[in-house]
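Understanding the architecture of this molecule
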Amino acid sequence: MSKFVDKYNQMFLDYIQMQPSSVSGQENFSVWNNKRYLWNLIYSVFDLGIPDDWNMSYYRFFLFHQGRLGVFYTKKFGWVPMPFATESRDFFFFPKRMEGFNPELDENAIGIRGVNAEIIYILDDLCGLEQTVSDYAYKLAQIDKSFNVNLFNSSFALLGFAENEKDAKEIKEGYRRATLGEPLILLKKRLKDAILQNFVNAPKNQLATDELHKARRNVINDFLTEVGVRNANYEKKERLNSQEVNENNDETSAQARIILNNLKKCYEKVAAVTGGKIQLTVELNYNYEFIDSKEGVDEDGL
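Residues numbered from 1 in each chain as written. Predicted model: local features only at pLDDT ≥ 70, side-chain atom pairs only at ≥ 80, totals over all residues. Heavy atoms only, no water.

Our focus in this paragraph is the packing of aromatic side chains. By the definition in use, this model includes 11 aromatic pairs. An aromatic cluster of three or more residues is present, and its members are W39, Y43, F46 and F64. Lying over the aromatic face of Y43, R60 brings its terminal NZ or CZ to 4.7 Å of the ring centre. For the cation-ring pair, R68 lies above F84, with the distance from its terminal atom to the ring centre recorded as 4.5 Å. (Phe/Tyr/Trp six-rings, centres within 6.5 Å; stacked < 30°, edge-to-face > 60°. Lys NZ or Arg CZ within 6 Å of the ring centre and 35° of its normal.)

Two side chains that carry opposite charge are able to pair once their charged atoms sit near each other. One pass over the structure, following the stated rule, counts five salt bridges. The salt bridge partner of D144 is R216, with a shortest N-O separation of 2.8 Å. Highlighted residues: D144 in helix α4 (residues 130–154) and R216 in helix α8 (residues 209–227), separated in sequence by 72 residues. Take D144: its relative accessible area is 19%, and that puts it in the buried class. Overall, the relative accessible area of 22% leaves R216 in the partly exposed class. (Salt bridge = Lys/Arg side-chain N within 4 Å of Asp/Glu carboxyl O. Helix = DSSP H or I, 4+ residues; strand = E, 2+ residues; numbered from the N terminus. Buried < 20%, exposed > 50% of the residue type's maximum accessible area, 1.4 Å probe, protein only.)

Once that is clear, we can look at the sheet that holds strand β6 (residues 109–112). Spatial ordering of the open sheet is given by β4-β5-β6, a layout of three strands whose pairing is antiparallel. Whereas interior strands pair on both sides, the edge strands pair on one side only; in this sheet they are β4 (84–89) and β6. Each strand axis lies, on average, 25 degrees off the axis of its neighbour in the sheet, ignoring direction. (Pairing = 2+ DSSP bridges. Axes fitted to C-alpha atoms, helices over the stretch in contact; angles between N-to-C directions.)

For helix α2 (residues 29–43), with 15 residues, the first-to-last C-alpha span of 21 Å sits near the 21 Å given by 1.5 Å per residue. Among all positions in α2, only V31, N34, K35, L38, W39, L41, I42 and Y43 are buried. (Expected span 1.5 Å × (residues − 1).)

To continue, consider the pairing of β6. The alternating pattern of β6 places A109 and G111 on a buried face and I110 and I112 on a face that is not buried. As defined by bridge partners, strand β5 (residues 95–100) adjoins β6 across four bridges and the pair is classed as antiparallel. Residue E99 lies in a different strand from β6, and its bridge partner there is I110.

The subject of this paragraph is the sheet that holds strand β3 (residues 78–82). Sheet architecture is open: three strands sit in the order β3-β2-β7, paired in antiparallel fashion. Of all the strands in the sheet, just β3 and β7 (117–121) have a single pairing partner and so form its edges. Here the average twist between neighbouring strands, direction ignored, is 20 degrees. As paired elements, strand β2 (residues 68–74) and β7 share five bridges and run antiparallel to each other. Each residue of the ladder has a partner; that of G70, found in β7, is I119. Contacts from helix α3 (residues 56–66) reach β2, β3 and β7, with the element oriented near 135 degrees to β2. (Contact = heavy atoms within 4.5 Å.)

Within the largest apolar cluster, 58 residues are counted, with the highest numbers of intra-cluster contacts made by Y59, F64 and I120. Setting aside chain neighbours within four positions, we find I120 in contact with Y59, L63, G67, R68, L69, V71, L263, C266, Y267, V270 and L280. (Core = buried A, V, L, I, M, F, W, Y, C linked by side-chain atoms within 4.5 Å.)

If you trace the backbone, F61 turns up in helix α3. Put simply, F61 and Y43 are 18 residues apart on the chain and 9.8 Å apart in space, counted from C-alpha to C-alpha.

Listed below in structure tokens is the structure:
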């Protein structure tokens, strides 16, 4: 590991090592499961092309989680991607002299950007999407928890009140038969009043799954909008007009455009520094049109 660990590396390491007491959430299986789901949504946007001898999982992890990756020339492996630390910066405070590290190397790789090394990054601040994914995973985990508690509470038996033990037994027996599908016939008005007025904890009052489903979908849509994935507006039941679709698409495409443009520029520099030996590509995985495209939205706003 390099001794030149700058603030970006350290911020990334500190964040992923946070304990539940230091963040607004809790690391549990629900959080981890939601993280995997959200990361796969991000990966589904960009179709990355890399050399056959590079590992895609390794490449995507450092590129999107940490936000940047170095490409170094090594005698042992040739041109390879590696996480790196910055030893010095250029006039614009971008990494200039870098140190790449990998346990398979006999010693750390030293590179100068534009000479025998280059960097690939997704955002201008050279940070990744780890914080964004974690924040939304915590929110989704809380909704999942509320959903499970809500379902559990909905299975509780009803609580009712009776004036005496005889009425209590009749109400209990009547309720038991009603739940089996038999007709519930009440001959005594006071038993009717007891059931209509004195029963609490009704399942319909506890079961709020529709609201929780909407909340979960809204959180996911907020995440998709933030990372640049097209999504539907579930808050409006009526059809969106063209202007509303344009506004949503414009917000959604903002970060996707930045990531796509940055990667393409970085790939051109990698091809130049490697003499064309390393060719990297990036495309959007589906029919994605930016808002300024002539085919972005049709007359009906779809």
